[in-house]
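Residues per chain are reported as follows:
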Amino acid sequence: MSAIRDIELRLIELPLVRPFRTSFGEETTKSCILVRVETDEGVGWGECVAGSRPDYSEEFNASAWLALRDHLAPALLGKDIRPADVAGVTAWVRGNRMAKAALEMAVLDVWLREQEISLARHLGVERDRVPCGVSIGIASSLDELLERVAAHLAEGYRRIKLKIQPGTDVEPVAAVRAAHPDVALSVDANAAYTIEDASALRELEAFGLLMIEQPLAYDDLVEHAKLQRTLRTPVCLDESIRSAADAAAALELGACRIVNVKQGRVGGLLEAQRIHDLALAQDAPVWCGGMLETGIGRAANLALAALPGFTLPGDTSASARYFDADVTEPFVMDPDGTMAVPPGPGIGVEPLPDCLAEVTVRTERART
Ligand code: OSB
Ligand code: MG
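Predicted model only: the values in this text are computed from it and were never measured.

## Section: the nonpolar core
And step 1. Ranked by size, the top nonpolar core spans 122 residues in total, and within it I7, V35 and L162 carry the most contacts.
And step 2. In terms of residue count, helix α3 (residues 97-115) provides more of this core than any other element does, 11 residues in total.
And step 3. The residues touching V35, leaving out its near neighbours within four places in the chain, are I7, E8, L9, G44, W45, G46, L68, A102, L103 and A106.
And step 4. Formed by 5 residues, the second largest nonpolar core is a distinct cluster that contains M211, C236, I258 and W287.

See the structure below:
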């Protein structure tokens, strides 16, 4: 690969089609950083999954911006770096995995474009379509929730995930299960429970859930292991898994039986692939999570989700579930609930210049 001669950061803001409510709070706008890497041969794009507030993780847009601008990008500028070297060159920066992942994605994109290879092919996937699920925020009423679930099932989604929190759990799950006895259903608590209020989680056992995602604290594996021992329903970890080492520890401890893989949370696509590989080796199912990504991050997620160990539908929903106007050509789901993995070189998509200009609120170039 030729040397990286320019790295540009863009903060973008896109209105969501409807507010997304979780146990953290409500979001009405998707706000994230896009990273553009330029070499003599071409351009690559990456998306940072951090949000505007440090709630899901300690990273947030303002912190990721500084990490990228002042530390991560300068470590790469002027160097002839392969994607597999990005983690090593930036390893001295502790944490900041979402920022690192965005940079690695952009380097992968430009490097693969130079060779005219798709990300999916580079990762070694064999499928060209993946099954899709949808994550539904906490609704303001049961009627609204049931309406949303019915609408998404009519669109073809193959798995419904309901956000829950203490006090908004058994009732909505019971209602959705009663209306749809056979649908693949899961819940995501975003770390809102403690082992003391786990009785609600035990009540959820009656509804044949695929999994309970991240019920307890983001930084605790031992309590999750204790909880999993008392539940038939598989626990799936999201926030708690920040690396392949975390995934190995969680599986060995019995803290979960299923892993939600998000490339941004674990520091990049290559680390995400390592989690896939180790889970597959022990027959632990994984699936591709989402962070309300724009088309840039969505393209990368779809390639990852096509790896063979991703046996459960991902939070890889259609662009229209999030945005009226995405920054790329929209990702569309077929009525059978599957979406095509981008076949083109690199991540397979790029921002549409007019859309990008419209949503960009800040641009800055990294310097050495
Ligand atoms: O916990 O999986 C999560 C969105 C933002 C932050 C965290 C999560 C989510 C989702 C939505 O559940 C997934 C998606 O549709 O992108
Ligand atoms: Mg989650």
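## Describing the site of ligand 1
And step 1. If you check the shell around ligand 1, you find 15 residues, and the closest are S135, K163, N190, L292 and Y322.
And step 2. Contact between ligand 1 and S135: an oxygen atom at 2.9 Å from a side-chain N or O atom of the residue.
And step 3. Between ligand 1 and the protein, one listed contact pairs an oxygen atom with a backbone N or O atom of M291 at 3.2 Å.
And step 4. In the shell around ligand 1, the residues fall into 5 nonpolar, 3 polar and 7 charged.

## Section: the coordination of the magnesium ion (ligand 2)
And step 1. The magnesium ion (ligand 2) binds to the protein through D188 (OD), E213 (OE) and D238 (OD); the donor distances cover 2.1 to 2.2 Å.
And step 2. Donor residues binding the magnesium ion (ligand 2) come from one chain and are separated in sequence as D-x24-E-x24-D. In this pair, D188 is assigned in strand β7 (residues 185-188) and E213 in strand β8 (residues 212-213), connecting sequence segments 25 residues apart. One exposure class covers both D188 and E213, and it is buried.

## Some remarks on the sheet that holds strand β5 (residues 134-136)
And step 1. Strand order in this open sheet of 7 strands is β5-β6-β7-β8-β9-β10-β11, and the pairing throughout is parallel. Either end of the sheet is taken by a strand with one partner, and the two such strands are β5 and β11 (286-288).
And step 2. As defined by bridge partners, strand β9 (residues 235-237) adjoins strand β10 (residues 258-261) across 2 bridges and the pair is classed as parallel. Following the sheet pairing, C236 is matched in β10 by I258.

## Points about the environment of I12
And step 1. Mapped onto the secondary structure, I12 falls in strand β1 (residues 4-22).
And step 2. Taking the relative accessible area as the measure of exposure, I12 reaches 0% and is therefore buried.
And step 3. Separated by 24 residues in the primary sequence, I12 and R36 place their C-alpha atoms 13 Å from one another.

## Here we look at helix α1 (residues 61-76)
And step 1. At L68, α1 shows its largest kink, close to 45°.
And step 2. Along α1, the residues classified as buried are N61, A64, W65, A67, L68, L72, A73, A75 and L76.
And step 3. With its phi angle positive at about 80°, G78 sits one or two positions after the end of α1.

Rules behind the numbers
- Residues numbered from 1 in each chain as written.
- Chains lettered and ligands numbered in written order.
- Predicted model: local features only at pLDDT ≥ 70, side-chain atom pairs only at ≥ 80, totals over all residues.
- Heavy atoms only, no water.
- Core = buried A, V, L, I, M, F, W, Y, C linked by side-chain atoms within 4.5 Å.
- Buried < 20%, exposed > 50% of the residue type's maximum accessible area, 1.4 Å probe, protein only.
- Helix = DSSP H or I, 4+ residues; strand = E, 2+ residues; numbered from the N terminus.
- Contact = heavy atoms within 4.5 Å.
- Near = heavy atom within 4 Å.
- Polar contact = N/O pair within 3.5 Å; in protein donor to acceptor, adjacent residues only side chain to side chain.
- Nonpolar A, V, L, I, M, F, W, Y, C, P; charged D, E, K, R; others polar.
- Donors = N, O, S within 2.8 Å, 3.2 Å for Na, K, Ca; no water.
- Pairing = 2+ DSSP bridges.
- Bend = angle between axes of the 7 residues up to and from the residue.

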